[in-house]
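Structural overview
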Amino acid sequence: METPYILKEITEENILVLTINRPKALNAINKGVMDALGEIFSKRQPEHIVGVILQGSGTKAFAAGADIKEFADYEYDQAKALSQKGQRIYDKIEQYHVPVIALVRGFALGGGCELAMACHMRIGDETATFGQPEVKLGVLPGYGGTQRLTQLIGKAKAIEYLLTGNMITAADAHQLGLLNHVVEPEAVFNTCVSLLKKIGRMGPLAVETTIKATMLGPSQEGYDQEAHFFGETFQSDESTEGISAFLEKRKPKFR
Ligand code: CAA
């Protein structure tokens, strides 16, 4: 049997735990992972499920981004379509009927940072490291990152991180409001469980509608711009150089 891209488990507290299962590629989000997310979050959970914990396998990464190897030779149309698909699926997560908590250990970069931001809350330990390093590849975030980072931490800080690609440490992420809580490594999972158990004691309709009212996602205009520019960067030599440099494990040389 083929190894699943996302492992599923239900705890005794009736929490669905989803684990992105590509540890060797730092849980990079390839087509298989994205399709699995799309399938899971297109369906409602049975009534007894109180919430979802989404995590990466291993301790090194939540997810190190979209799978760079998959889009190395993309042109405008393919890149734009990839971006639109990711935007659509991440929206389903943000609008899900039960709370979804991203459990972040290690890197949450690019499409991985965008995935964590599409969840309703983020809990991590001190290894949690966020960032939108796409600019280093000569591209930009394509799964809602230009919009959600701005919504979550404000325009001034967001533009700095988007333009420099600098990593955001757990302490800074907590201060910026990107991480709800930073706790000891052995307490991360239980912190997520405690929160979801508490929410599970509330009225399910109140929980669902609070999510829908609060998690107003990015505007369509913001998404359209992002997907268009994501496609456009793939038409330039910049992304060719940036992506080749990553794959060849060297620093890119931009003009
Ligand atoms: N896509 C594909 N493979 C990836 C990956 C990614 N985003 N991130 C890491 N990997 C792979 C590496 O290629 C490497 O594979 P090999 O062993 O086959 O060479 C393996 O994971 C381990 O990675 P490193 O050897 O690079 O590990 P490191 O500890 O030296 O560095 C890292 C860790 C800083 C996270 C580094 O891997 C890195 O910079 N990754 C890329 C981060 C990135 O640019 N993310 C944005 C992607 S673009 C995107 O997400 C666009 C979008 O919004 C839609």
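These remarks concern the structure in this document. (Residues numbered from 1 in each chain as written. Predicted model: local features only at pLDDT ≥ 70, side-chain atom pairs only at ≥ 80, totals over all residues. Heavy atoms only, no water.)

1. A word on the site of the ligand
The full set close to the ligand counts 26 residues, and K60, G111, E114, E134 and K249 are the nearest of them. Between the ligand and the protein, one listed contact pairs an oxygen atom with a side-chain N or O atom of K249 at 2.8 Å. Across the complex, the protein chains shield 74% of the 980 Å² of accessible surface that the ligand would expose by itself. Mapped onto the shell around the ligand, the elements with two or more residues apiece are β6 (107-109) and α3 (111-118). Looking at the shell around the ligand, its residues break down into 15 nonpolar, four polar and seven charged. (Near = heavy atom within 4 Å. Polar contact = N/O pair within 3.5 Å; in protein donor to acceptor, adjacent residues only side chain to side chain. Areas by Shrake-Rupley, 256 points an atom, 1.4 Å probe, with all protein chains shown as cover. Helix = DSSP H or I, 4+ residues; strand = E, 2+ residues; numbered from the N terminus. Nonpolar A, V, L, I, M, F, W, Y, C, P; charged D, E, K, R; others polar.)

2. Some points on the pairing of strand β3 (residues 51-56)
By the criterion of burial, β3 is predominantly enclosed, with six of the six residues buried. A two-sided burial pattern is seen for β3, the buried positions comprising G51, I53 and Q55 on one face and V52, L54 and G56 on the other. Relative to β3, strand β2 (residues 15-20) is paired through six bridges, and the arrangement is parallel. Bridge pairing links T19 to Q55 in β3. This β-α-β element, β2 to helix α1 (residues 31-42) to β3, shows right-handed connectivity. Here β3 runs beside strand β5 (residues 100-104); their pairing, made up of four bridges, is parallel. Counterpart to I53 in the pairing with β5 is I101. (Buried < 20%, exposed > 50% of the residue type's maximum accessible area, 1.4 Å probe, protein only. Pairing = 2+ DSSP bridges. Right-handed = clockwise from strand over helix to strand, strands pointing away.)

3. A closer look at the pattern of salt bridges
With the rule as written, the count across this model stands at 10 salt bridges. One salt bridge connects D35 with K85, and the closest N-O pair in it is separated by 2.6 Å. Taken together, the positions of D35 in helix α1 and K85 in helix α2 (residues 76-94) put the pair 50 residues apart, joining distant regions of the chain. Taking the relative accessible area as the measure of exposure, D35 reaches 30% and is therefore partly exposed. A salt bridge links E248 to R250; the nearest nitrogen and oxygen atoms lie 2.8 Å apart. The structure contains a network of salt bridges with shared partners spanning K31, D35 and K85. (Salt bridge = Lys/Arg side-chain N within 4 Å of Asp/Glu carboxyl O.)

4. Comments concerning the sheet that holds strand β4 (residues 61-63)
Reading across the sheet, the three strands line up as β4-β6-β8 and stay open at both edges, with parallel pairing between neighbours. Looking at the sheet topology across the chains shown, the edges are occupied by β4 and β8 (129-131). This sheet shows a mean twist of 15° between the axes of neighbouring strands, independent of strand direction. Bridge count between β6 and β8: three bridges; the pairing is parallel. Bridge pairing in β8 places F107 opposite T129. Each of β4, β6 and β8 is contacted by α3, which is oriented at about 95° to β6, the strand it contacts most. (Axes fitted to C-alpha atoms, helices over the stretch in contact; angles between N-to-C directions. Contact = heavy atoms within 4.5 Å.)

5. Considering the nonpolar core
With 56 residues, the main nonpolar core has L37, F41, F62, Y90, L115 and F130 as its most contacted residues. Counting residues per element, this core draws most heavily on α1, at six residues. Composition of this core by domain shows at least three residues from each of domain 1 (6-199) and domain 2 (203-247). Ranked by size, the runner-up nonpolar core spans 12 residues in total, among them V50, L103, I123 and V193. (Core = buried A, V, L, I, M, F, W, Y, C linked by side-chain atoms within 4.5 Å. Domains from an automatic or database assignment.)

6. Thoughts on the sheet that holds strand β9 (residues 181-182)
Spatially, β1-β2-β3-β5-β7-β9 is the arrangement adopted by the six strands of the open sheet, whose pairing is mixed. Across the chains shown, the open sheet's two edge strands, defined by having one partner strand only, are β1 (6-10) and β9. The pairing of strand β7 (residues 121-124) with β9 spans two bridges and is parallel. Looking across to β9, one finds that I123 is bridged to H181.

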